[in-house]
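A closer look at the structure
Take a look at the letters that make up each chain.
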Amino acid sequence: MKYPNSVRIVEVGPRDGLQNEQQPISTVDKIELIQRLAQAGISHIEAGSFVSPKWVPQMADSLAVMQGIERNATVRYAALTPNKRGFDQAIEAKANEVAIFAAASESFSQKNINCSIAESLERFEEIMASAKANNIPVRGYVSCILGCPYEGPITEQNAETHFAKVKQVSQKLLEMGCHEVSLGDTIGTGTPKFTEQLLQTLLEDIPSHQLAVHFHDTYGQALSNILIALQNGIATIDSSIAGLGGCPYAEGASGNVATEDVLYMLEGMNIKTGIEFNSLINTGNWISQKLNRVNGSKVGQALSSLH
Ligand code: HMG
Ligand code: MG
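First things first, this report covers the structure right here in the doc. (Residues numbered from 1 in each chain as written. Chains lettered and ligands numbered in written order. Predicted model: local features only at pLDDT ≥ 70, side-chain atom pairs only at ≥ 80, totals over all residues. Heavy atoms only, no water.)

Some thoughts on the overall build of the protein chain
- Looking only at helices and strands, one finds 12 helices and 10 strands in the protein chain.
- A globule of 307 residues ought to have a C-alpha radius of gyration of about 19 Å, and the protein chain, at 18 Å, matches this closely.
- For the protein chain, the spread of C-alpha atoms along the three principal axes comes to 50 × 45 × 35 Å.
- Summarising the internal contacts of the protein chain: among those between residues at least 6 apart in sequence, 75% fall at separations of at least 24.
- Carbon and sulfur atoms make up 48% of the accessible area of the protein chain, which totals about 12900 Å².
- With 23 positive and 32 negative side-chain charges, the protein chain shows a separation of 3 Å between the mean positions of the two kinds. (Helix = DSSP H or I, 4+ residues; strand = E, 2+ residues; numbered from the N terminus. Rg over C-alpha atoms; globule rule 2.2 N^0.38 Å. Contact = heavy atoms within 4.5 Å. Areas by Shrake-Rupley, 256 points an atom, 1.4 Å probe, with all protein chains shown as cover. Lys, Arg positive; Asp, Glu negative; His and termini not counted. Charge placed at Lys NZ, Arg CZ, Asp CG, Glu CD.)

Right under this line is the structure:
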């Protein structure tokens, strides 16, 4: 089996994680979290989101957070932007990258961003044009790649049609100018067999370096699915420190796979990330204490129980 020599971790905890944590956390603590993650050697951090504060109140202070970070020149600080207004705020916040987010499910698109998939792609054109003018790289997300909270699970019967839809939206995002597409298993229901089938479909026409994987770990399948992605040559993995978060528009969805757990697996496989393990573990414990929650990382928990 062939695996990549190195992997880029995209840390989404400060955005995907904190957007769904119920315990309030101060702007100062968010800034400290991002700085600790950078100090641990993470080179790509999703630091905030410029969406409606009525929809996602947890991200209302993203401008202050991003303006407050002491920047590390080697780190890319990214932000989610649903429309031109969000993009303009991301520029003001000096984001190094923005992310647009579409879905492979019509119902999820309506619930999440209040428009159809086609309308969302049209809306993103304005962002793409401004990003080009400002020389800002754009990442694209596709949600519901392996199941939708409203339309149900992937089955043998609907898999082919659904995966064709994921491919169509991914290709559209790349044609529009996204440098990569992150494939979101929003509700974490995906299993390795369907992950393999989906990736085979996508890789027929999309090079592996333009794909990232974004697994929520609701059903404990994330690491298995990541292993399938690595075997298919995908070397960009989204994860969230201490497994923080969920998705406000996918009830019951738990956080992304924990960064610590991904790092432990990659180190065990001799795959390089540039991340310092102990600093990451300390950061996971620190943020779990701040949020007064159990550390969602199995590795973080195992190591804490040893002390
Ligand atoms: P809308 O209601 O269709 O649009 O929302 P609107 O233009 O009518 O605006 C509604 C209100 O939002 C207005 O305020 C606007 O001013 C305000 P009001 O007049 O009612 O007081 N507004 C904004 N405020 C701040 N920043 C903005 C902005 N735009 C409008 N940029 C919209 C459309 C997309 C804005 C809304 O649906 C929204 O904000 N949705 C949030 C969606 C979201 O953040 N979801 C979670 C992130 S996606 C995710 O987690 C999945 C991912 O992790 C991958 C995966 O796991 O699958 C990426
Ligand atoms: Mg997500």
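Comments concerning the layout of surface pockets
- Empty space within the second largest pocket amounts to approximately 190 Å³.
- Lining the second largest pocket are 13 residues, with Asp217, Ala258, Asp261, Gly296 and Lys298 positioned closest to its centre. (1 Å grid on protein atoms, 1.4 Å probe; cavity = no way out; pocket = protein on both sides within 12 Å on 5 of 7 lines; lining within 4 Å. Points joined across faces, edges and corners; volume = space filled by probe spheres on them.)

A word on the site of ligand 1
- Around ligand 1, the structure places 29 residues, and the nearest of them are Lys54, Arg85, Asn112, Ser143 and Thr186.
- Here a nitrogen atom of ligand 1 and a side-chain polar atom of asparagine 112 are 2.8 Å apart.
- If ligand 1 stood free it would expose 1100 Å²; the protein chains cover 78% of that surface.
- Sorting the residues of the shell around ligand 1 by element identifies helix H1 (13-17), helix H4 (84-92), helix H5 (106-113) and strand E5 (138-143) as the ones contributing at least two each.
- Top contributing element to the shell around ligand 1 by residue count: H4, with three residues.
- For the shell around ligand 1, a count of residues per class yields 12 nonpolar, 12 polar and five charged. (Near = heavy atom within 4 Å. Polar contact = N/O pair within 3.5 Å; in protein donor to acceptor, adjacent residues only side chain to side chain. Nonpolar A, V, L, I, M, F, W, Y, C, P; charged D, E, K, R; others polar.)

Remarks on the packing of H4 against helix H6 (residues 117-134)
- Viewed as axis vectors pointing N to C, H4 and H6 meet at an angle of 25°, and their least axial separation amounts to 9 Å. In terms of orientation, H4 and H6 fall into the roughly parallel class. Of the two elements, H4 crosses H6, and the hand of that crossing is right-handed. Within the contact between the two elements, H4 uses Lys84, Phe87 and Ile91 and H6 uses Glu126, Ile127, Ser130, Ala131 and Asn134. (Axes fitted to C-alpha atoms, helices over the stretch in contact; angles between N-to-C directions. Parallel < 35°, antiparallel > 145°, perpendicular 65-115°, else oblique. Left-handed = near helix turned anticlockwise from the far one by under 90°.)

Observations regarding the coordination of the magnesium ion (ligand 2)
- Coordination of the magnesium ion (ligand 2) by the protein is provided by Asp16 (OD), His214 (NE2) and His216 (NE2), with metal-donor distances spanning 2.0 to 2.3 Å.
- The sequence pattern formed by the donor residues of the magnesium ion (ligand 2) is D-x197-H-x1-H. Taken together, the positions of aspartate 16 in helix H1 and histidine 214 in strand E9 (residues 211-215) put the pair 198 residues apart, joining distant regions of the chain.
- In this structure aspartate 16 comes out as buried when scored by relative accessible area, which is 3%.
- A relative accessible area of 5% places histidine 214 in the buried class. (Donors = N, O, S within 2.8 Å, 3.2 Å for Na, K, Ca; no water. Buried < 20%, exposed > 50% of the residue type's maximum accessible area, 1.4 Å probe, protein only.)

Focus: the environment of glycine 255
- Mapped onto the elements of the fold, glycine 255 is located in the loop between strand E10 (236-239) and helix H10 (259-268).
- Between the alpha carbons of glycine 255 and glutamate 204 there is a distance of 30 Å; along the sequence they are 51 residues apart.

Comments concerning helix H7 (residues 159-176)
- The end-to-end C-alpha distance of H7, which contains 18 residues, comes to 26 Å, matching closely the 26 Å that a straight helix rising 1.5 Å per residue would cover.
- Buried within H7 are the following residues: Ala159, His162, Phe163, Val166, Lys167, Val169, Ser170, Leu173, Leu174 and Met176.
- Those residues of H7 that are buried are in contact with strand E4 (97-103), H6, E5, strand E8 (180-185) and helix H8 (192-203).
- Residue glycine 177 follows H7 closely and has a positive phi angle near 120°. (Expected span 1.5 Å × (residues − 1).)

Thoughts on the side chain of serine 62
- Mapped onto the elements of the fold, serine 62 is located in helix H3 (residues 62-68).
- Relative accessible area serves as the criterion here: at 2%, serine 62 is assigned to the buried category.
- A distance of 3.0 Å separates the side chain of serine 62 from the backbone oxygen of methionine 59, its partner in a polar contact.

Points about the packing of helix H11 (residues 277-290) against helix H12 (residues 298-305)
- Taken N-terminus to C-terminus, the directions of H11 and H12 make an angle of 90°; their axes are 10 Å apart at the nearest point. Put simply, H11 runs roughly perpendicular to H12. Side by side, H11 and H12 meet where Phe277, Ile281 and Asn285 of the first sit next to Val299, Gly300, Leu303 and Ser304 of the second.

Points about the packing of aromatic side chains
- Under the counting rule described, the total for this entry stands at three aromatic pairs.
- Its guanidinium or amino end placed over the ring of tyrosine 141, arginine 15 lies 5.8 Å from that ring's centre, counting from NZ or CZ.
- The ring of tyrosine 141 carries the charged tip of arginine 139 above its face, separated from the ring centre by 5.3 Å. (Phe/Tyr/Trp six-rings, centres within 6.5 Å; stacked < 30°, edge-to-face > 60°. Lys NZ or Arg CZ within 6 Å of the ring centre and 35° of its normal.)

A word on the pairing of E8
- Within E8, six of the six residues are buried, which leaves the element mostly enclosed by the surrounding structure.
- Summarising the sheet, E5 and E8 pair through four bridges and their orientation is parallel. Looking at E8, one finds that tyrosine 141 is bridged to serine 182.
- Two elements, E8 and E9, share five bridges in a ladder whose sense is parallel. When the bridges of E9 are listed, glycine 184 appears paired with histidine 214. (Pairing = 2+ DSSP bridges.)

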